[in-house]
Amino acid sequence: MKKIIKALFGVIVMYNTSFAQNPLSQTTQVEVGVGFVLPFYNKGKELLQAKELRENQLSYYADELGNRKNVGSYSRSSGFNFSVGFYKPIKKIKGLMLGAIVRNAQTGSTPKEGGYEEAYFFNFITAGVAAKYYPFQKNNLFIKTDFGIAAVLTKNRYLNSKKEQNFFHQFGIGNALGLELGYSLTPFKNKTKSLEIKTGYQLANTRVEVNGIGDDRWQFGALIIGTSFNF
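So, here is what we can say about the structure in this document. (Residues numbered from 1 in each chain as written. Predicted model: local features only at pLDDT ≥ 70, side-chain atom pairs only at ≥ 80, totals over all residues. Heavy atoms only, no water.)

## What to know about unusual backbone geometry
Heads up, the rule is: The way it works is that DSSP assigns letters per residue, a run of H or I at least four long becomes a helix, a run of E at least two long becomes a strand, and they are numbered from the N terminus. Each residue is assigned to one of three classes by its accessible area relative to the maximum for its type, calculated with a 1.4 Å probe on protein chains only: buried under 20%, partly exposed between the two thresholds, exposed over 50%.
Unusually for a residue other than glycine, Gln 57 sits at a positive phi of about 65°. With respect to the element layout, Gln 57 can be found in the loop between α2 (45-55) and β2 (78-89). The class of Gln 57 is partly exposed, set by a relative accessible area of 30%. Backbone geometry places Lys 163, a non-glycine residue, at a positive phi of 65°.

## Points about the packing of aromatic side chains
Put simply, the test is: A pair of aromatic rings is counted whenever rings of Phe, Tyr or Trp (Trp by its six-membered ring) have centres within 6.5 Å, and the orientation is called stacked for planes under 30 degrees apart, edge-to-face for over 60 and tilted otherwise. Look at NZ for Lys and CZ for Arg. If either is within 6 Å of the ring centre and within 35 degrees of the ring normal, a charge sits over the ring.
For the structure shown, the criterion picks out 13 aromatic pairs. Consider the rings of Tyr 60 and Tyr 158, whose centres lie 5.9 Å apart with planes at 45°: the pair is tilted. Here the residue Tyr 60 occupies a position in the loop between α2 and β2, and Tyr 158 occupies one in strand β5 (residues 141-159), the gap between them amounting to 98 residues. A single burial state applies to Tyr 60 and to Tyr 158, both of which are buried. Through a chain of ring-to-ring contacts, three or more aromatic side chains come together here, namely Tyr 41, Tyr 120, Phe 122, Phe 124 and Phe 220. Lying over the aromatic face of Tyr 87, Lys 132 brings its terminal NZ or CZ to 5.1 Å of the ring centre. A cation sits over an aromatic face here: Lys 132 above Phe 142, 4.7 Å from the ring centre.

## Remarks on the environment of Gly 85
Using the following cut-off: Contacts are residue-level and defined by heavy atoms, with any inter-residue pair within 4.5 Å sufficient.
The residue Gly 85 is located in strand β2 in this model. Sequence separation of Gly 85 and Pro 187 is 102 residues, and the distance between their C-alpha atoms is 21 Å. If sequence neighbours within four positions are ignored, Gly 85 has contacts with Gln 29, Val 30, Glu 31, Ala 100 and Ile 101.

## A short note on the pairing of strand β4 (residues 119-133)
Filter applied, for reference: Should DSSP find at least two bridges between two strands, the strands are taken to pair.
Of the strand pairs in this sheet, strand β3 (residues 96-109) and β4 are connected by 14 bridges, and their pairing is antiparallel. From the neighbouring strand, Ala 105 faces β4, where its bridge partner is Phe 124.

## Side note on the pairing of strand β7 (residues 194-210)
In terms of strand pairing, strand β6 (residues 165-185) meets β7 through 14 bridges, oriented antiparallel. Pairing of Ala 176 across the sheet is with Ala 204, part of β7. Pairing analysis gives 17 bridges linking β7 to strand β8 (residues 214-230), with the strands arranged antiparallel. The residue bridging Lys 198 from the neighbouring strand is Gly 226, located in β8.

## A few points about the nonpolar core
Under the convention used in this document: Throughout, nonpolar core names a set of buried Ala, Val, Leu, Ile, Met, Phe, Trp, Tyr and Cys residues whose side chains join them through atoms within 4.5 Å.
Among the nonpolar cores identified, the biggest contains 24 residues, and Leu 47, Tyr 120, Phe 122, Phe 124, Val 152 and Phe 220 are the most heavily contacted of them. Looking at which element gives the most residues to this core, the answer is β8, with four residues. In this view, Val 152 contacts Phe 122, Asn 123, Phe 124, Gln 170, Phe 171, Gly 172, Thr 206, Val 208, Trp 218 and Phe 220; residues no more than four positions away in its chain are not counted. Formed by seven residues, the second largest nonpolar core is a distinct cluster that contains Tyr 87, Met 97, Ala 130 and Phe 142.

Here you go:
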């Protein structure tokens, strides 16, 4: 019986702790962050075709006969992102904050032999409403999710048959969903300020008008590992 009572007491303590108010969730937060980004290309005729060309070490440019030169293996597409957001506490739900966030990601890759002449750039911006939740009182672990609009801009850089530098741009707009898991460090005298370490994933669906294809539906994702300063 003592073991059962002890176990029940432990469950009650865990329940109360889980739903207690974390100090960081009680004041408005403004976030400025940076991170490392790895994009993933999931769907889209043009998106996957360009990916296949890079995997086969081929230039984006094809001559009149459809031939493409070998430019060497491409590096893994990667880059950085910058984010700005704000969150306000929801008094009726302990630990919950609502707000908005904007992210700008700049990624790209170049081939080993192509030099400046050949490259691929994949950049996107997302903006939307966000929810941030601190489930514990004395543990600064947090979960964050956001939903909103997404805009994607890509650029293929290559030489044409006259050895002239050319660029092929594509633009699309759609929606994006994001999820993050992180931890807030509070090394400052002002305990309402924090330094976050976090990782997350964004999934976006966009509509892109492509020459020769028309309405091309792209789906892409992005793994983000970063940090932010909250004040």
